[in-house]
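Letter by letter, the chains look like this.
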Amino acid sequence: MKRRVAIVGYKLMKNTRASEWTRERIYYELSKSLLEELEIKREDIDTFIFASNDFADGRTISEVYLVQRMGAYMRDESKVEQEALNACLYAWLRIQSGEYDTAMVGMASLSSSQFKPLLVQNHELDPVYERPRGLINFYSGAAFQARAYMERFKNFTESHIARYAEKGYRNALKNQYSLQIIPPSIEKIENSDPIYLPIRELEVAPYADGGGVVILASAEKAKKLTKKPVWIEGVGSAQDTYWIGERDLVKLDGLREAARRAYRMAGIKNPKKEISFAEVQTFFASEEPVIAEALGLFEEGSGAEVIEKGLSEIDGKIPVNPSGGSFGGNPMGGTSLIGLINAVKQLREEADDFQVKKAKRALVHSQDGVCAQHNTVMILSAGGKK
Amino acid sequence: MIHEAVEVLVPISFMYKNRVGRYLQHYLNGLKEKKILGSKCSGCGRVVVPPRSACGRCCGVMDELVELPQEGKLVNWTVCYVKLEGGEFKRIDPYIIGMIQLDGCDSLLSAKVLDLQPENVKIGMRVKALWKEETTGDYTDLVGFIPL
C-alpha cells in the first residue's frame, strides 16, 4: 500500500419502509451535515463517487440528477454500479494514486418504497438462458447453498437457519438506525411461509429505504479532519464464475480469494485471532455461517455450534453483524455501505447499544450476484498498526 | 410546507432482442432432437452444460460440442413455492428444482424434478431426462428429470 487512507466521517439515514425524503434530498441532507461536522466545504472534496444501480433508480446514468445534491457540481465525479463497498474501494484507489486526497462516497436506495427489488434482481440474470427458464435466481441459489451446507455438515438443520435470522433481528433492534422490527421467535421464523425450501420468508433480509455517505482521506488530511480516523488496512476483491452449477456454493472460492488478498495486504495471518468483529453482507440468514467460514473466522462446518454457543453474538468470540446486518433493513445495492459505517461506528466506539467490547480491527464484506459471485473484503482498524 | 407526499407511477417498458449465440443455438437445436449438448474445453478438458464458447478457468476455447448422457445424479435440490409475477412472488403449487450432474459432465444442470416427493429425495439419487412428446427447439422441450 503506497498511501494510508482513512475514513474520516460518516452520516447514515435510519432505514425505513417508506422514506419521506427523495433520493436527492437524502444525498443533500447527509452530505451537507457531514461537511458541516468536519468543518469543510464541498470544494475540499477532490472526488465524489456515487454507488447506485440504474435499474434500481429507474433511469440511466442515474447520478446526473444527484451530483448537485451531493455537492459535486463542477467537481470530479463518477459512479460505481456494484455494491456500495466497491465505491469505497474505488475511492481508496483514487487516493492511492496520489492525485486525490479526499473522496466522498454516497448511496441512497429506495428499495422498499420506490422500486421492486425482485424485478431488478431478475434483470441481473443471464437474459438468454436463466431468465426465460425461471429456475435460477437469488432465492433458489440461496436455497441450493443452504441445502449443500446442510448436506455437507449434517448437524446443521433448518432450525439453525432460523436461529441465524433471529440473531440478525435481535441485534438489529439494538441498532437505532435499523428498521426496528420486533424480533420474531425462532419458532415463528422456522414456521414462516416457505419460499424456496429450506429458505423461508422470515429468513430473508427485509428490504428498506436507506442512505449513507462517508468521506475518505489520505493520512495527512485525515489527521487534520478528525481525531478518530478509521484506517483501511487491506482491500481484496474477486469474481467467481456466473454459473452456480460450476461453483462449490459452500466453499465460496471467490470470497476466499477476496479475503486472502485483503488479509495479505493487512498483514493478517490468523483472522480468528486478529479480527475483532465482522459486518458481512447476507441477504439470507443461511448465508452467514457459509460466509463467516469462507472468511476463516470460524472452522468449516461449525455453523450449528457457533449459533448454539453464541460465538458470533455481540459478546461472543467474533461478533458477526453486531448491527444486525441486512436484517436491520436491506436498501438494495447500498447495504454494504451501511455495513462499513456500522464497522466505523464500532471502531470509534459510537455503536451505543450494539457496541462490541475491544473492537480493534473490523472486517467488512460485500457481495454481488447469485450466491455471492463477486465479493469484496475490507479490513479496518481504529488505531492504525502500520 | 408540503405534508403529504405526491407520488407518480413511472412505468418503464423495454424490449430487448438478444442473440443466444452460436453455442446456445446448438443447445436448442439439440433439444429439438432430444439431445443434451455440452461443450468441452480444449485447454483443461472440462465439459459444461449449457455449452459456451470460452472457459473461464483456463481461457481455453470450448469449441468441441459433446452429446451428454441423459442420465445422471441429483446433486442438490430445493422446493419452489413461488413464481415471480409483476416483480412480486405469487404462491403456487410447489415443485422441486434440482441441480443435476449428467454422467461425464463437470457442471450441474438446473431442471425441474418430477415424479418425486420432497420426503423421498436423496442426494446422489439417479435421474433421467423427461422430454416433451413434440419438441420445437425450445427450453421447455426438456421438461425435467425423473427418478430412475
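See the structure shown above.
Note that the structure is a prediction, hence the values are computed from the model and not measured.

**Student:** Residue-level account of the overall build of chain B, with values.
**Tutor:** A count of helices and strands for chain B gives one helix and eight strands. Overall, chain B shows an N-to-C arrangement of helices and strands of α-β-β-β-β-β-β-β-β. The C-alpha atoms of chain B give a radius of gyration of 20 Å, which is well past the 15 Å a tight globule of 148 residues would have. Across the 148 residues of chain B, 39% fall into the buried class. Carbon together with sulfur atoms contributes 51% to the accessible area of chain B, which is approximately 9,100 Å² in total. Measuring between centres, the 19 positive side-chain charges of chain B sit 5 Å from its 18 negative side-chain charges.

**Student:** An account of the pattern of salt bridges is needed here, citing residue identities and associated values.
**Tutor:** Tallying each qualifying case throughout the model produces 35 salt bridges over all chains. Here A:Glu350 makes a salt bridge to A:Lys228, at a shortest N to O gap of 2.6 Å. Of this pair, A:Glu350 sits in the loop between helix H14 (335-347) and strand S10 (361-368) while A:Lys228 sits in the loop between helix H9 (219-225) and strand S8 (230-239); the two residues are 122 residues apart in sequence, bridging distant segments of the chain. Given the relative accessible area of 21%, A:Glu350 is considered partly exposed. For A:Lys228, a relative accessible area of 36% translates into the label partly exposed. The shortest N-O distance in the salt bridge between B:Glu88 and B:Lys90 comes to 4.0 Å. Under the relative-accessibility criterion, B:Lys90 is labelled partly exposed at 34%. It is possible to trace a salt-bridge network through shared partners that takes in A:Arg3, A:Asp101 and A:Glu220.

**Student:** Quick one: what's the story with the nonpolar core, residue by residue and with numbers?
**Tutor:** All names here are of chain A. By size, the foremost hydrophobic cluster in this structure holds 73 residues, and its most contacted members are Tyr 139, Tyr 263, Leu 295, Leu 363, Val 377 and Ile 379. With nine residues, helix H6 (residues 138-152) is the single largest residue contributor to this core. Non-local contacts of Tyr 263, meaning those with residues more than four positions away in its chain, are made with Ile 268, Pro 271, Ile 275, Leu 295, Leu 297, Leu 363 and Ile 379. Cys 88, Ile 232, Ile 341 and Ala 343 belong to the second largest nonpolar core, which has 40 residues in total.

**Student:** Talk me through the environment of B:Leu68; I want residue IDs and the actual numbers.
**Tutor:** Residue and element names in this part refer to chain B. Structurally, the position occupied by Leu 68 is in strand S3 (residues 64-68). For the pair Leu 68 and Lys 40, spaced 28 residues apart in the sequence, the C-alpha separation amounts to 11 Å. Setting aside residues no more than four positions away along its own chain, Leu 68 makes contact with Ile 36, Leu 37, Gly 38, Val 47, Val 49, Leu 102, Asp 103 and Cys 105.

**Student:** Residues and numbers for the sheet that holds S3(B), please.
**Tutor:** Residue and element names in this part refer to chain B. Sheet architecture is open: three strands sit in the order S2-S1-S3, paired in antiparallel fashion. Each end of this open sheet is capped by a strand with a single partner; those strands are strand S2 (47-48) and S3. As paired elements, strand S1 (residues 36-40) and S3 share five bridges and run antiparallel to each other. The partner of Leu 37 across the bridge, within S3, is Glu 67.

**Student:** Describe the interface of chain B and chain A, naming the residues involved and giving the relevant values.
**Tutor:** Contact residues are listed per partner, giving 37 residues for chain B and 29 residues for chain A. Roughly 2,900 Å² of surface becomes buried between chain B and chain A when both sides are summed, with 64% attributable to carbon and sulfur atoms. Linking chain B to chain A there are two salt bridges. Of the charged contacts in the structure, one is a salt bridge between A:Glu246 and B:Arg52, with a shortest N-O distance of 2.2 Å. On the surface where chain B and chain A come into contact, there are 12 residue pairs in polar contact (both at pLDDT 80 or more). Elements with a minimum of two residues in the side of chain B that touches chain A: helix H1 (21-32), strand S4 (71-85), strand S5 (88-102) and strand S6 (109-113) of chain B. When residues in the side of chain B that touches chain A are grouped by element, the largest group, eight residues, is from S4(B). Class assignment of the residues belonging to the side of chain B that touches chain A gives a composition of 21 nonpolar, eight polar and eight charged.

**Student:** Lay out the packing of aromatic side chains in plain terms, naming residues and giving numbers.
**Tutor:** Here the structure, examined in full by the defined rule, presents 13 aromatic pairs over all chains. Considering the side-chain rings of A:Tyr196 and B:Phe89, the 6.4 Å spacing of their centres and the 65 degrees angle between planes classify their relative orientation as edge-to-face. Here A:Tyr196 is found in strand S5 (residues 194-197), whereas its partner B:Phe89 is found in strand S5 on a different chain. A residue is classified by how much of its surface remains accessible, and A:Tyr196, at 3% relative accessible area, is buried. Here B:Phe89 falls in the partly exposed class, since its relative accessible area comes to 23%. Cluster of aromatic residues (ring-pair linked, three or more members): A:Tyr129, A:Tyr242, A:Trp243, B:Tyr27 and B:Tyr139. Lying across the ring of A:Trp231, A:Arg4 places its NZ or CZ 3.9 Å from the centre.

**Student:** Account for the side chain of A:Gln367, naming residues and giving values.
**Tutor:** Residue and element names in this part refer to chain A. Checked against the element boundaries, Gln 367 lands in strand S10. A distance of 2.9 Å separates a polar atom in the side chain of Gln 367 from a polar atom in the side chain of Glu 287. Within the local environment of Gln 367, its side chain forms a polar contact with the backbone nitrogen of Ala 372, the two atoms lying 3.1 Å apart.

**Student:** Let's hear about the state of the cysteines: which residues, and what values?
**Tutor:** Residues and elements named next belong to chain B. The final tally for this structure, using the stated rule, is zero disulfides over all chains. Cys 55 supplies the cysteine sulfur nearest to Cys 44, a cysteine that is in no disulfide, at a spacing of 3.7 Å. With no disulfide of its own, Cys 58 has Cys 41 as its nearest cysteine by sulfur position, at a separation of 3.3 Å.

**Student:** Let's hear about helix H1 (residues 23-37) of chain A: which residues, and what values?
**Tutor:** Compared with an ideal rise of 1.5 Å per residue, which puts 15 residues at 21 Å, H1(A) spans 21 Å between its outermost C-alpha atoms and is within 8% of the ideal. Looking at the buried positions of H1(A), the neighbouring elements they touch are strand S1 (5-12), strand S2 (47-51), helix H2 (54-57), strand S4 (102-110) and strand S7 (209-218) of chain A.

**Student:** Tell me about the sheet that holds S7(A), and please be specific about residues and values.
**Tutor:** Residues and elements named next belong to chain A. Pairing within the open sheet is mixed, and its nine strands lie in the order S3-S2-S4-S7-S1-S8-S11-S10-S9. Two strands bound the open sheet, and with one partner strand each, they are strand S3 (76-80) and strand S9 (277-279). Averaged over all pairs of adjacent strands, the angle between their axes in this sheet comes to 30 degrees, without regard to strand direction. Across nine bridges, S4 lies against S7 in antiparallel orientation. Directly across from Ser 109, in S7, lies its bridge partner Gly 210.

What counts and how
Residues numbered from 1 in each chain as written. Chains lettered and ligands numbered in written order. Predicted model: local features only at pLDDT ≥ 70, side-chain atom pairs only at ≥ 80, totals over all residues. Heavy atoms only, no water. Helix = DSSP H or I, 4+ residues; strand = E, 2+ residues; numbered from the N terminus. Rg over C-alpha atoms; globule rule 2.2 N^0.38 Å. Buried < 20%, exposed > 50% of the residue type's maximum accessible area, 1.4 Å probe, protein only. Areas by Shrake-Rupley, 256 points an atom, 1.4 Å probe, with all protein chains shown as cover. Lys, Arg positive; Asp, Glu negative; His and termini not counted. Charge placed at Lys NZ, Arg CZ, Asp CG, Glu CD. Salt bridge = Lys/Arg side-chain N within 4 Å of Asp/Glu carboxyl O. Core = buried A, V, L, I, M, F, W, Y, C linked by side-chain atoms within 4.5 Å. Contact = heavy atoms within 4.5 Å. Pairing = 2+ DSSP bridges. Buried area = accessible area lost by both parts, 1.4 Å probe. Polar contact = N/O pair within 3.5 Å; in protein donor to acceptor, adjacent residues only side chain to side chain. Nonpolar A, V, L, I, M, F, W, Y, C, P; charged D, E, K, R; others polar. Phe/Tyr/Trp six-rings, centres within 6.5 Å; stacked < 30°, edge-to-face > 60°. Lys NZ or Arg CZ within 6 Å of the ring centre and 35° of its normal. Disulfide = S-S within 2.5 Å. Expected span 1.5 Å × (residues − 1). Axes fitted to C-alpha atoms, helices over the stretch in contact; angles between N-to-C directions.

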